[in-house]
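Descriptive analysis of the structure
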Amino acid sequence: MHGRKGRPESIAILVEPHRGMRGRCSRCRRPAPGYDRLPERHWLFVPLWGIPTYFRYAPRRVQCSEHGVVIEHIPWSDGKRPVTRAMMAFLARWARRLSWRETARVFQTSWETVYRSVEWFVEWGLQHRQLRGVQSIGVDEIHWGHGLRAHNFLTVIYQIDAGCRRLLWVGKRRSQASLRRGLKALGPDVVKGLRFVCSDMWKPYLEVIAAQAGQALHVLDRFHITSHLNQAVDQVRRAESTRLRAKSKQAAQRLKHIRWSLLRRRSRVRGRARQKLNALLASKLATARAWDLKETFSYFWHYKSHIWAGAFLDYWCFRAMRSRLEPMKKVARMLRAHEPLLLNWFRAKGEISNGAVEGLNNKIRVVTRRSYGFRTYEAMEIALYHNLGRLPEPESTHRFC
Ligand SMILES: [Zn+2]
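Figured I'd write up the structure that's included with this text. (Residues numbered from 1 in each chain as written. Predicted model: local features only at pLDDT ≥ 70, side-chain atom pairs only at ≥ 80, totals over all residues. Heavy atoms only, no water.)

What to know about the overall build of the protein chain
We apply this condition: Segments assigned H or I by DSSP are reported as helices when at least four residues long, segments assigned E as strands when at least two residues long, and all are numbered from the N terminus. Accessibility here uses a 1.4 Å probe with only protein chains present; expressed as a share of the type maximum, an area under 20% marks a residue as buried, one over 50% as exposed, and anything in between as partly exposed. Any two residues whose heavy atoms approach within 4.5 Å at even a single point are treated as in contact. We get accessible surface area from the Shrake-Rupley algorithm with a probe of 1.4 Å; when it comes to residues, only the shown protein chains can shield them.
Per the secondary structure count, the protein chain includes 16 helices and 12 strands. When burial is assessed residue by residue, the protein chain has 47% of its 401 residues classed as buried. For the protein chain, restricting intrachain contacts to residue pairs at least 6 apart in sequence, the fraction spanning at least 24 positions comes to 61%. As presented, the protein chain carries roughly 22,100 Å² of accessible surface, and 52% of it is formed by carbon and sulfur atoms.

As structure tokens, this is what we get:
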């Protein structure tokens, strides 16, 4: 121990090789005769009693019959990293509960060390994960950072089987190339074994899925359709609000405050919001008509047969096209254009959970928004796999949490 005034600054643990045991080749792990000894190295170990702790050891080199003169196998070390495997696993596990910066502070190390530890943990997990048995995937785009440029989007691929929901892949942008890269990373066996693919109506994705996973039933996700409808109602409301403001301030104010009750589902709107909504529906406002169309569409999902659902869809689109509300007409055109994929929802009913993609998206937002202090895209990607990938974890010589 070293320190001043009786308070140790660090603990050094000196490690000596066992005299009766030969070193093992780091490449094949077979015992081999000794060659020479390298200078002493330090490895950061898990802090003991809150005091930074190091292993000190002079590694041997061995002469392997197959691999020549190589460094011996050191069980607590991984390559040239100056941190023990136990400490990397320790930091990585804590980095799921605390932010990376907090983890570094609590365990008296640097942000960089935490980052490298999580990176090692995730790399190991990705190399050792099993992708067999993936039957259903959800493909989605996630907005990230500020602005709406191409690099502000991520493409994500989730597994959404009932028994296992996890992040399988994440990559930059939301183009055809992004999704192709993702499917390639999963490998041809996984892509050929897919039974269901769930996505939004985003054209680049639709084309890639049709070309590469043609055997799978492609389903448009209910959650995406609902959010398109919500957005359309909001567009109608904003346009109308601007129009009214030009005419009368009071009427515009009334509409402004009703925004949140419009986004909620009919049954949950209570109290004053309910009164406002009733008044709105009785009025001849465009917003009321748009909201009514949106609410009516929710019946679509309750059909048991896709034939009746198809009939309902035709009727709904007919009404929407006559509504004189451009945002609603746009949704209607979009739904019509994707009718077969939309009706696949009824064929896949009971097989895939329709809340899975939405749930995983929300979790991604928690990770990207939590002030983790990600300095780069790479750090965020690692954090996403770390928190949502359900990756296997490396065995460690010492386990602390
Ligand atoms: Zn060897």
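Still more ground to cover, so stick around.
Examining the sheet that holds strand S12 (residues 217-220)
Operational definition: DSSP bridges decide pairing: two strands pair if at least two such bridges lie between them. Every axis in this analysis is a line fitted to C-alpha atoms, fitted for helices over the stretch in contact. Angles between the N-to-C directions lie between 0 and 180 degrees.
Here five strands make up an open sheet; going across it, the order is S10-S9-S8-S11-S12 and the pairing mixed. Only two strands of the sheet have a single neighbouring strand rather than two, namely strand S10 (164-172) and S12. When strand polarity is set aside, the average angle formed by the axes of neighbouring strands in this sheet is 20°. As defined by bridge partners, strand S8 (residues 136-143) adjoins strand S11 (residues 196-199) across three bridges and the pair is classed as parallel. Across the sheet, the residue bridging to Gly-138 is Cys-198, located in S11. Across the sheet, helix H15 (residues 356-369) is in contact with S8, strand S9 (153-161) and S10; its angle to S9 comes to roughly 130°.

Considerations on the packing of aromatic side chains
Where we set the bar: Within 6.5 Å between ring centres, the rings of Phe, Tyr and Trp (the latter by its six-membered ring) count as paired, and their orientation is classed by plane angle as stacked under 30 degrees, edge-to-face over 60, tilted in between. A positively charged side chain is recorded as over a ring if its NZ (Lys) or CZ (Arg) lies within 6 Å of the ring centre. The angle to the ring normal must also be within 35 degrees.
Applying the stated criterion to the full structure yields 20 aromatic pairs. Ring geometry for Trp-43 and Trp-76: centres 5.6 Å apart, planes at 90°, overall edge-to-face. Remark: Trp-76 occurs in the loop between strand S7 (68-71) and helix H1 (85-97) and Trp-43 occurs in strand S4 (residues 41-48); sequence separation between them is 33 residues. In this structure, Trp-43 and Trp-76 share a single accessibility class: buried. A ring pair is formed by Phe-300 and Trp-301, whose centres lie 5.0 Å apart and whose planes are at 80°; its orientation type is edge-to-face. Since its relative accessible area comes to 3%, Trp-301 is described here as buried. By the ring-pair criterion, three or more aromatic residues cluster together here, those being Phe-297, Phe-300, Trp-301, Tyr-303, Phe-312, Trp-316, Trp-345 and Phe-346. Taking NZ or CZ as reference, Arg-97 lies 5.2 Å from the ring centre of Trp-94, over its face. Over the ring of Trp-202 we find Arg-174, and its NZ or CZ is 4.1 Å from the ring centre.

Examining unusual backbone geometry
In this structure, Trp-49 is a non-glycine residue whose phi angle is positive, near 50°. Residue position: Trp-49 is located in the loop between S4 and strand S5 (51-57).

A short note on the coordination of the zinc ion
For clarity, the threshold we go by: Each metal site lists N, O and S donors within 2.8 Å (3.2 Å for Na, K and Ca). With water left out of the atoms, a site can look as if it is missing ligands. In these descriptions, tetrahedral denotes four donors with every angle between 85 and 135 degrees, square planar four donors and octahedral six donors with opposite donors over 155 degrees apart and the rest between 65 and 115, and irregular any other case.
At this site the zinc ion is bound by Cys-25 (SG), Cys-28 (SG), Cys-64 (SG) and His-67 (ND1), with donor distances of 2.1 to 2.4 Å. Considering all four donor atoms around the zinc ion, the spread of angles at the metal, 101 to 118°, places the coordination shape in the tetrahedral class. Written as a sequence motif, the donor arrangement for the zinc ion is C-x2-C-x35-C-x2-H. Pair noted here: Cys-28 is in the loop between strand S2 (7-14) and strand S3 (34-37) and Cys-64 is in strand S6 (residues 60-64), with a separation of 36 residues, a long-range link.

Examining the nonpolar core
What counts, and what does not: In this description, a nonpolar core means a group of buried Ala, Val, Leu, Ile, Met, Phe, Trp, Tyr and Cys residues linked to one another through side-chain atoms lying within 4.5 Å.
In this structure, Trp-100, Phe-297, Phe-300, Trp-316 and Leu-335 are the most contacted members of the largest nonpolar core, which totals 105 residues. Of all hydrophobic cores here, the second largest spans five residues; its members include Cys-25, Val-62, Cys-64 and Val-70.

Things to note about the packing of helix H3 (residues 111-128) against helix H16 (residues 377-388)
Rules: In these notes the angle categories are as follows: under 35 degrees is roughly parallel, over 145 is roughly antiparallel, 65 to 115 is roughly perpendicular, and the rest is oblique. A crossing counts as left-handed when the near helix is turned anticlockwise from the far one by less than a right angle, and as right-handed when that turn is clockwise.
H16 packs onto H3 with a crossing angle of 55° between their chain directions and a minimal axis gap of 9 Å. Of the possible angle classes, the one that applies to H3 and H16 is oblique. Classified by chirality, the crossing of H16 by H3 is left-handed. Contacts between H3 and H16 pair Trp-111, Tyr-115, Val-118, Glu-119, Phe-121, Val-122 and Leu-126 from the former with Glu-378, Ala-379, Ile-382, Tyr-385 and His-386 from the latter.

Some details on the environment of Tyr-57
For Tyr-57, the position within the fold is in strand S5. Spatially, the C-alpha atom of Tyr-57 lies 6.7 Å from that of His-42, the residues being 15 residues apart in sequence.

Observations regarding the packing of helix H11 (residues 286-297) against helix H12 (residues 306-321)
Rules: In this count, Pro and Cys sit with the nonpolar residues alongside Ala, Val, Leu, Ile, Met, Phe, Trp and Tyr, while Asp, Glu, Lys and Arg are called charged and the others, Gly among them, polar.
At their nearest, the axes of H11 and H12 sit 11 Å apart, and the two run at 175° to each other. By the angle between their directions, the pair H11 and H12 is classed as roughly antiparallel. Two secondary-structure elements touch here, H11 through Asp-292, Leu-293, Thr-296 and Phe-297 and H12 through Phe-312, Leu-313, Trp-316, Arg-319 and Ala-320. Of the residues in the contact of H11 with H12, the class split is six nonpolar, one polar and two charged.

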